[in-house]
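# Structural features, examined
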Amino acid sequence: MADASSVEEVCGGDCAPVDQFITPWTVSVASGCTLMRDPRYNKGLAFSENERDAHYLRGLLPPAVYSQELQEKKLMHSLRQYQVPLQRYMSMMDLQERNEKLFYKLLIDNVEELLPIVYTPTVGEACQKYGSIFRRPQGLFISLKEKGKILEVLKNWPEKNIQVIVVTDGERILGLGDLGCQGMGIPVGKLSLYTALGGLRPSACLPITIDVGTNNETLLNNEFYIGLKQRRATGQEYADLLEEFMTAVKKQYGEKVLIQFEDFANHNAFELLSKYSKSHLVFNDDIQGTASVVLSGVISALKLVGGALPDHKFLFLGAGEAGTGIAELIALEISKQTSAPIEETRKKIWLVDSKGLIVSSRKESLQHFKKPWAHEHEPVKTLLEAVKAVKPTVLIGSSGVGQTFTKEIVETMASLNEKPLILALSNPTSQSECTAEQAYTWSQGRAIFASGSPFDPVEYEGKVFVPGQANNAYIFPGFGLGLVMSGAIRVHDDMLLAASEALAAQVKDEHYEKGLIYPPFSNIRTISANIAAKVAAKAYELGLASRLPRPENLVKFAESCMYSPVYRNYR
Ligand SMILES: O=C([O-])CC(=O)C(=O)O
Ligand SMILES: [Mg+2]
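Residues numbered from 1 in each chain as written. Chains lettered and ligands numbered in written order. Predicted model: local features only at pLDDT ≥ 70, side-chain atom pairs only at ≥ 80, totals over all residues. Heavy atoms only, no water.

### Concerning the pattern of salt bridges
Applied cut-off: Each salt bridge in this description consists of a side-chain nitrogen of Lys or Arg and a carboxyl oxygen of Asp or Glu lying within 4 Å of one another. By definition, any uninterrupted DSSP run of H or I lasting at least four residues is a helix, any uninterrupted run of E lasting at least two residues is a strand, and each is numbered from the N terminus. Any residue under 20% of the maximum accessible area for its type is buried, any over 50% is exposed, and the rest in between are partly exposed; the area is computed with a 1.4 Å probe on protein chains only.
Scanning all chains against the criterion turns up 27 salt bridges. Its salt-bridge partner being lysine 275, residue glutamate 243 comes within 3.7 Å of it at the nearest N-O pair. Here glutamate 243 is found in helix α13 (residues 235–253), whereas its partner lysine 275 is found in helix α14 (residues 266–276), with 32 residues between them in sequence. Look at glutamate 243 and you get partly exposed, because its relative accessible area is 34%. Of the residues examined, lysine 275 reaches a relative accessible area of 40% and is grouped as partly exposed. Taking the shortest distance from any N to any O, the salt bridge between arginine 346 and glutamate 328 comes out at 2.9 Å. Here arginine 346, found in the loop between α17 (342–345) and β7 (349–353), pairs with glutamate 328, found in helix α16 (residues 321–338); they are 18 residues apart in sequence, far enough to count as distant. Given the relative accessible area of 28%, glutamate 328 is considered partly exposed.

Take a look at the structure:
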């Protein structure tokens, strides 16, 4: 009988008896089926005649040769046949796994149509059902089982030159709560926007989910749940795993890798950001990205509602990451504009949480991130009463709970203001504080409205209103590009202000005429290049940029750094 090793030599691992160990061989230059199965290089029917000859593809493809444009046309046509958004999502994920360039070509060319599929709201549903639609890992899963081995786990990832990591622990996925390990859809979705909207290379992007368990009973009781079946680790155990992770990332990828925290619960989000912002390039999208996009919307809305920023009064429903993050950035901007101390400018901003208006008599029992907002006022229990008491010009919803801006609340805002600014930021659409139609109808067409998840235009009394999308997707791709292209080593609040101003500067008269306070997503790559340039300029100004010398024209440089989804020719 031939010995086992010679069998493997002749026949490869497939012929070896099933109980025998085999070596997972691979080759380094792809051709034939291997080439077609590699999403980075596969072109499907767009392989040219020459490429089919040179790369052993003859017969593996039908005779037709498509252009990338024809492939795009065909795919958009078949995508539109699906009525159910989740089917479109799955079809896009299949494409990403099959032909990466074509996936990004579709996403870039059809951004307004496809954003609601690969991003909010559909990505929320995908996370809820992630266990059953899961096919292939699209990122790294780091669970408590990997404790002590996180550096090895990072080394398992096939790409070595990582520039951006989006990481979640799944505890607060959009406004949908704890989805545990199934939160992976979010880093995957955010990073596909990093590439499509911000031009970072797909191979430089790494989605990571940290699994410390889940407190979601439905998932714990589901036999198909893909994560750790235990309740969430907290305290020291949690902190130790995160510390190991942060140390390993810096060791493996260096000082300049951007770590974006996404959809962590409040208690961890604030702590991680303040702890690691001193030693790592970290950015919390829910606190800082949302703050920057909302500040931008408020600055640009001044053209429609009148007055200067310090003339306005703000009321928030929700005092978590988004609410306090936005509030702080607005207070900072007012402080810069007026030279008043931030302790003073904060007084123009009021927050309501689940217990009512945040006032000084509640100070003792408040979580630390809410304390700066506890102003002198008698207790107020409900949002409606708070609107009546505070008389805000701007109402912002960021609590993650849907349908909380009632008819009476919107009507009160409209009775107090000629043009009330109403921002319903919670995601996905099901968690929006009110719909666009409600905001326009209840304010008799006077509200300036934007929401976190998209709404279709609304017709009210013969006029068409186009709601804007106040979503951090306007900011993080360009912001990240600015950090990466300047080799920034730390994030600074002034970079967030620069990003807000750069975004607001992109809104044109034609957009204001439609009631929009953000530019359309169709121009997002230009917008991102402009944001990147301003962020990079700030990094250089602050001495935080390590790529020297500073490129002279930062917009041009940003554009030249951007990933292109056009096929390359193979030799
Ligand atoms: O993902 C989004 O659409 C915006 C966001 O960060 C969140 O809601 O947590
Ligand atoms: Mg988020």
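### What to know about the environment of serine 500
Stated precisely, the cut-off is as follows: In the analysis that follows, any N or O atom pair within 3.5 Å is treated as a polar contact, provided that within protein one partner can donate a hydrogen and the other can accept it, and provided that, for residues neighboring in sequence, both atoms belong to side chains.
Considering the arrangement of structural elements, one finds serine 500 in helix α22 (residues 493–504). Between the alpha carbons of serine 500 and aspartate 286 there is a distance of 15 Å; along the sequence they are 214 residues apart. A distance of 2.9 Å separates a polar side-chain atom of serine 500 from the backbone oxygen of serine 292.

### What to know about the packing of aromatic side chains
What counts, and what does not: Working definition: rings of Phe, Tyr and Trp (its six-membered ring) pair if their centres are within 6.5 Å, and the pair is stacked with planes under 30 degrees apart, edge-to-face with planes over 60 apart, and tilted otherwise. A ring is scored as having a charge over it whenever the NZ atom of a lysine or the CZ atom of an arginine sits within 6 Å of its centre and within 35 degrees of its normal.
Under the defined criterion, the tally for this structure stands at 13 aromatic pairs. Between phenylalanine 261 and phenylalanine 264 the ring centres are 5.5 Å apart and the planes differ by 90°, which places this aromatic pair in the edge-to-face class. The same class applies to phenylalanine 261 and to phenylalanine 264, which are both buried. On the basis of an interplanar angle of 25° and a centroid distance of 4.7 Å, the ring pair of tyrosine 440 and phenylalanine 465 is categorised as stacked. Separated by 25 residues along the polypeptide, tyrosine 440 in helix α20 (residues 436–442) and phenylalanine 465 in strand β13 (residues 463–465) bring together distant segments of the chain. Each of the two residues, tyrosine 440 as well as phenylalanine 465, counts as buried. An aromatic cluster is defined as three or more aromatic residues linked by ring pairs; in this entry it consists of Tyr440, Phe449, Phe455 and Phe465. Just above the ring of tyrosine 570 sits the side chain of lysine 43; from NZ or CZ to the centre is 4.2 Å. In this structure, arginine 346 packs its charged tip against the face of tryptophan 373, placed 5.8 Å from the ring centre.

### Regarding the site of ligand 1
Let me state the cut-off plainly: The rule for a residue being near a molecule or strand is that one of its heavy atoms must lie within 4 Å of it. Per-residue accessibility takes into account occlusion by the displayed protein chains alone, with areas from the Shrake-Rupley method and a 1.4 Å probe.
Lining the immediate surroundings of ligand 1 are Tyr119, Thr120, Arg172, Leu174, Lys190, Glu262, Asp263, Asp285, Asp286, Asn427, Asn471 and Asn472. Between aspartate 286 and ligand 1, the recorded distance is 2.9 Å, taken from a side-chain N or O atom to an oxygen atom. Burial of ligand 1 by the protein chains amounts to 93% of its free accessible area of 260 Å².

### Notes on the coordination of the magnesium ion (ligand 2)
Put simply, the rule is: Only nitrogen, oxygen and sulfur atoms count as donors, using a 2.8 Å cut-off from the metal that widens to 3.2 Å for Na, K and Ca. Water is left out, so coordination shells may look unfilled.
Each protein donor to the magnesium ion (ligand 2) is listed here as Glu262 (OE), Asp263 (OD) and Asp286 (OD); together their distances run 2.1 Å. Here the donor residues of the magnesium ion (ligand 2) share one chain and are spaced in sequence as E-D-x22-D. Taken together, the residues aspartate 263 in the loop between β4 (258–261) and α14 and aspartate 286 in helix α15 (residues 285–305) connect sequence positions 23 residues apart. With respect to burial, aspartate 263 and aspartate 286 carry one shared label: buried.

### A closer look at the side chain of asparagine 99
Mapping asparagine 99 onto the fold places it in the loop between α5 (85–98) and α6 (100–109). Relative accessible area serves as the criterion here: at 3%, asparagine 99 is assigned to the buried category. Within polar-contact distance, the side chain of asparagine 99 engages the side chain of tyrosine 567 at 2.9 Å.

### A short note on the sheet that holds strand β1 (residues 140–143)
Where we set the bar: Two strands qualify as a pair provided that DSSP identifies no fewer than 2 bridges between them. Structural elements are reduced to axes, namely lines fitted to C-alpha atoms, with helices fitted over the stretch in contact, and the angle between N-to-C directions of any two is expressed from 0 to 180 degrees. Contacts are residue-level and defined by heavy atoms, with any inter-residue pair within 4.5 Å sufficient.
Spatially, β1-β3-β2-β4-β5 is the arrangement adopted by the 5 strands of the open sheet, whose pairing is parallel. The open sheet has two edge strands with one neighbour each: β1 and β5 (281–284). Ignoring which end each strand starts from, the neighbouring axes of this sheet average 25° apart. Pairing between β1 and strand β3 (residues 205–211): 4 bridges, direction parallel. Looking at the pairing, leucine 140 lines up with isoleucine 208 of β3. Packing of α14 onto the sheet brings it into contact with β4 and β5, and relative to β5 it is tilted by some 155°.

### A word on the UniProt feature "domain: Malic enzyme N-terminal" (unreviewed entry) in the chain
Going by this rule: UniProt positions are given in the numbering used here, feature names are shortened, and annotations may be inferred rather than shown by experiment.
The sites that UniProt annotates as "domain: Malic enzyme N-terminal" (unreviewed entry) are residues 96–277. Between the C-alpha atoms that bound residues 96–277 the distance is 33 Å, and the span itself is 48% helix and 11% strand.

### A short note on helix α7 (residues 111–118)
Test applied: Note: the arc covers the axis-to-C-beta directions of the helix.
For α7, the complete set of buried residues consists of Val111, Leu114, Leu115, Ile117 and Val118. Along α7, the residues classed as buried sweep out an arc of 165° about the axis, all on the same side. Lining the buried residues of α7 we find α4 (68–81), α5, α6, α8 (122–128), α11 (185–198) and α24 (524–541).

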